[in-house]
Amino acid sequence: MKKHTWPHEDIQPPVNLHCEFNNVDHRTDLNGAERLIVRRGQPFTISLFLRSGSHQPGLTCRPLHAGPQPSEQYGTRASFGLSANVDASCWSAAVTSPPGDMVALSVCAAPDAPIGRYTLTLGGSGRIQFILLFNPWCTGDAVYMDNQQSLAEYVLSQDGIIYRGSYKHPITTPWNFGQFESGILDICLRILDMNPKCLKNPGKDCSGRRNPIYVSRVLSAMVNCNDDKGVLLGKWTDGYEGGVSPMFWRGSVEILRNWDTEACQPVRYGQCWVFAAVACSVSRALGIPCRVVTNYLSAHDNNGDLVIERHINEKGELIQSREMIWNYHCWVESWMTRPDLKSHFDGWQVSDPTPQEKSEGSYCCGPVPVRAIKEGELTFKYDAPFVFAEVNADVVTVMKKPDGGTSRVTSAAVVGQKISTKSVGSDAREDITHLYKYPEGSDEEREAFQKAGHQNKLLQQQQNQGLDLAIKVTSDMRKGCDFDVFAVVTNNTQSEKKCRLVFGSCAVSYTGILGDNCGFKDLLNVELSPGAGEPSRIPLRLNYSKYGGLLTEDNLIRVAALLMDYSTRDATLAVRNIVLENPEIKVRILGEPKENRKLAAEITLRNPLPETLENCCFSIEGANLTAGGVISERLGSSVGPGEDAKVKVYFTPTRSGLRKLVVDFDSNQLCHVKGYRNVIIGK
């Protein structure tokens, strides 16, 4: 076919971008059909209406961004003509219609093209605009994932579960990721545009957006605001004046919109699960498969020696230091290839947007392959030693004595337990610890530790003085109740033992910051019969009248027992963080859920406290349920002990399918109780 130049007068508006068809085909239709949003490495169709016969235009494609003009040097400008067929391995276009006044073009972006906003210029005259995203359904894309159920979960699902609580008692926190809600994609692109690398060199930064490694590292830095115009300001102590508690948030949508409307000022406040959830929302919006992961008993190693040294006094009370063990810590995993590393390290990569330590001058962390952590490959990019320590650090306990002396304390403290994420296609918890760690004591674990230079772990020999100490709890530990916890002591030696037992408790935040005493006893003469017979159970009563006003929003109490053997002067420490469950929120759907039909839900919570709840409010939100916003209903009266707080709320679902209605209850006495109900919306 003879090539022609396509003059401006040959194009008769409008150009049909077939937004609805293309967006459905590219799985971007949840963003709406008002504009063209497509994915890399997959053709899309546009129709052009001509006044004269068929022509074969030259095409120029370039992204729009602030700063210098797009350039071929950075790969942000590409020129290409029509070919007989579309080539999915590069920018290409082909005519797919017979000659006539309407020309149907099939256009395909290269599978490694930078993501972002594009203008497609036709023969130097007519233009169309579209947004290009990563394509995990395309085999040539670095984020390709070959499991359809996983793609539905990690890219398309707009809600999920984040795990908090304790490793002995994981608690589900529902979350509305909302990555397809109105305006969210534009906000995600703005986050990329506001990152310091883009502000310094827009052309180079936009070129880097072809690489999910680069993009996920930028997001890790931009979700926090510690050294840039990032989304969230973290706060873990001293109240939340000037903002709201991190427990306030039910989803990412309100956070992202607040950041956008307030001229990129940081939203106050976030903590680890909020940082991770927002990073997950942005990653999914851009097309990177992503999930939130919780690591229970997560170590924060400041000096890189893979050892957490904690100090206690003679009452077993923890002496605060920068190196701590968080009750849990959340980060994200993103799915991508790692051509920058040796083979077999593709797949899930850890990124952590919570600002903890600097990496290459910025508060970011990752991405680093999960497999590199398991294999002890600490030289791999990025930040492998820090993540390795979070799940593998050794814990050494030292008791400081009044005279200034110190002694080692036997303790069974461990880190990196019950690493959890939401299962694909269900709300069940999936334990993925085996992806991070080999079984304890295995040859593979020993080899990984040797490779990581984790000599302290290799040489550690747990000294057993013959006295076993553990903390046991009962099943009736609910907020508002009085209950017992027990120090259980077993004498495995052949001689009678006389010991001192210091048994105490205090409120604690999930990051390990200690509060005031909730209950304490000091027994100077604990006699233990020889032989591993019936263990001694020493109770400690925890009364709501004492602990109720001390709890943080995490509902955590640290229980510690310190056993000192008078004959050997050896000390043994047992520590356990217990989480007190909030009451259940019950949601009853009234009527048949249908798309675009008003629906009612009755929401109930029974007051478990021995005091009246004042200023009670229920708030709900859900992707495609509450029009991208939050619906709040405040009770007109107080709620006495044992009484029900109950409201009826109305909302209109806009799309069919399985949706998650996220509920939050708040009052002066009982704060930020979370619940949810899955709702199947019919056509």
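Residues numbered from 1 in each chain as written. Predicted model: local features only at pLDDT ≥ 70, side-chain atom pairs only at ≥ 80, totals over all residues. Heavy atoms only, no water.

The protein chain carries the name Protein-glutamine gamma-glutamyltransferase 2 in an unreviewed UniProt entry, which gives Cyclopterus lumpus as its organism.

## Considerations on the packing of aromatic side chains
Aromatic rings considered in pairs are described by the distance between their centres and by the relative angle of their planes. To keep it simple, the criterion reads: Stacked, tilted and edge-to-face are the three classes applied to pairs of Phe, Tyr and Trp rings, where Trp contributes its six-membered ring and a pair requires centres within 6.5 Å; stacked means planes under 30 degrees apart, edge-to-face means over 60, and tilted covers the rest. Segments assigned H or I by DSSP are reported as helices when at least four residues long, segments assigned E as strands when at least two residues long, and all are numbered from the N terminus. Here the term buried applies to any residue with accessible area under 20% of the maximum for its type, exposed to any over 50%, and partly exposed to those in between, with areas from a 1.4 Å probe on protein chains only. For a ring to carry a charge above it, either NZ of a lysine or CZ of an arginine must fall within 6 Å of the ring centroid while also lying within 35 degrees of the normal to the ring plane.
A complete count under the given rule lists 20 aromatic pairs for this structure. Judged by centre distance (5.0 Å) and plane angle (90°), the rings of Y154 and W348 are edge-to-face. One end of the pair, Y154, is in helix α2 (residues 148-156); the other, W348, is in strand β17 (residues 347-351), with 194 residues separating them in the sequence. No difference in accessibility class separates Y154 from W348, as the two residues are buried. Relative to Y269, the ring of Y240 lies with its centre 6.0 Å away and its plane at 45°, an arrangement referred to as tilted. Taken together, the residues span a long stretch of sequence, with Y240 in the loop between β11 (232-234) and α7 (253-261) and Y269 in strand β12 (residues 267-270) at a distance of 29 residues. Overall, the relative accessible area of 25% leaves Y240 in the partly exposed class. What makes Y269 buried here is its relative accessible area of 3%. Among the aromatic side chains, those forming a connected cluster through ring pairs are W236, W273, F275, Y296, W326, Y328 and Y510. Of note, K374 hangs over the ring of Y438, and the distance from its end group to the ring centre comes to 4.6 Å.

## Regarding the pairing of β17
Note the threshold: For two strands to pair, DSSP has to find at least two bridges joining them.
Counting buried residues in β17 gives five out of five residues, a clear majority hidden from the surface. Where strand β16 (residues 324-336) lies against β17, five bridges are found, and the strand directions are antiparallel. Counterpart to M336 in the pairing with β17 is G347. Bridge count for β17 against strand β18 (residues 368-369) is two bridges, and the pairing is antiparallel. Across the sheet, residue V350 finds its bridge partner in β18, namely V368.

## With respect to the sheet that holds strand β30 (residues 585-590)
What counts is decided by this rule: The angle between two axes is taken between their N-to-C directions and runs from 0 to 180 degrees, where each axis is a line fitted to C-alpha atoms and a helix contributes only its stretch in contact.
Reading across the sheet, the three strands line up as β30-β31-β34 and stay open at both edges, with antiparallel pairing between neighbours. Edge positions in the open sheet fall to β30 and β34 (644-651), since each of these has one partner strand only. Here the average twist between neighbouring strands, direction ignored, is 20°. For strand β31 (residues 599-606) and β34, the ladder comprises eight bridges, and the chain directions are antiparallel. Pairing of E602 across the sheet is with K648, part of β34.

## Details of the UniProt feature "domain: Transglutaminase-like" (unreviewed entry) in the protein chain
For the record, the criterion: UniProt positions are given in the numbering used here, feature names are shortened, and annotations may be inferred rather than shown by experiment.
Mapped onto the present numbering, the UniProt feature "domain: Transglutaminase-like" (unreviewed entry) falls on residues 264-355. Here residues 264-355 is 16% helix and 45% strand, with 18 Å between the C-alpha atoms at its ends.

## A few points about the nonpolar core
Stated precisely, the cut-off is as follows: As used in this record, nonpolar core signifies buried Ala, Val, Leu, Ile, Met, Phe, Trp, Tyr and Cys residues forming a set joined through side-chain atoms within 4.5 Å.
One finds W175, L232, I255, W273 and L286 to be the most contacted residues of the largest nonpolar core, which totals 62 residues. If you list the elements that add at least two residues to this core, you get β8 (126-133), β9 (159-166), α3 (184-193), α6 (212-222), α7, α8 (272-286), β13 (290-300) and β16. Here this core gets twelve residues from one element, more than from any other, and that element is α8. Residues L467, A487, L580 and L661 belong to the second largest nonpolar core, which totals 54 residues.

## Concerning the UniProt feature "binding site: Ca(2+)" (unreviewed entry) in the protein chain
Here is the rule: Using a grid of 1 Å spacing that covers the protein atoms alone, one calls a set of points a cavity when a 1.4 Å probe fits there but cannot get out, and a pocket when the set is open and has protein on both sides within 12 Å along at least five of seven lines; lining residues are those with an atom within 4 Å of a point.
Within the UniProt annotation, "binding site: Ca(2+)" (unreviewed entry) is assigned to N392, D394, E440 and E445. Sequence-wise these annotated residues cover 54 residues; spatially they are packed, their C-alpha atoms never more than 13.7 Å apart. Narrowing the list just given to those that line the second largest cavity leaves N392 and E445. Considering the arrangement of structural elements, one finds D394 in strand β19 (residues 394-400). Secondary-structure assignment places E440 in the loop between α11 (433-436) and α12 (443-452).

## Details of the sheet that holds strand β15 (residues 318-319)
As summarised here, the arrangement of the eight strands in space is β15-β14-β19-β20-β29-β28-β25-β26, forming an open sheet in which the pairing is mixed. The outermost strands of the open sheet, each flanked by one partner alone, are β15 and β26 (514-528). By the bridge criterion, six bridges tie strand β14 (residues 307-312) to β19 in an arrangement that is parallel. Looking across to β19, one finds that H311 is bridged to V398.

## Describing the side chain of T433
Rules: The contact definition used throughout considers only heavy atoms, calling two residues in contact when any of these lie within 4.5 Å.
Assignment of secondary structure puts T433 in helix α11. Its relative accessible area of 17% is what places T433 among the buried residues. In this structure T433 touches G416, Q417, K418 and I419, once residues within four positions along its chain are discounted.

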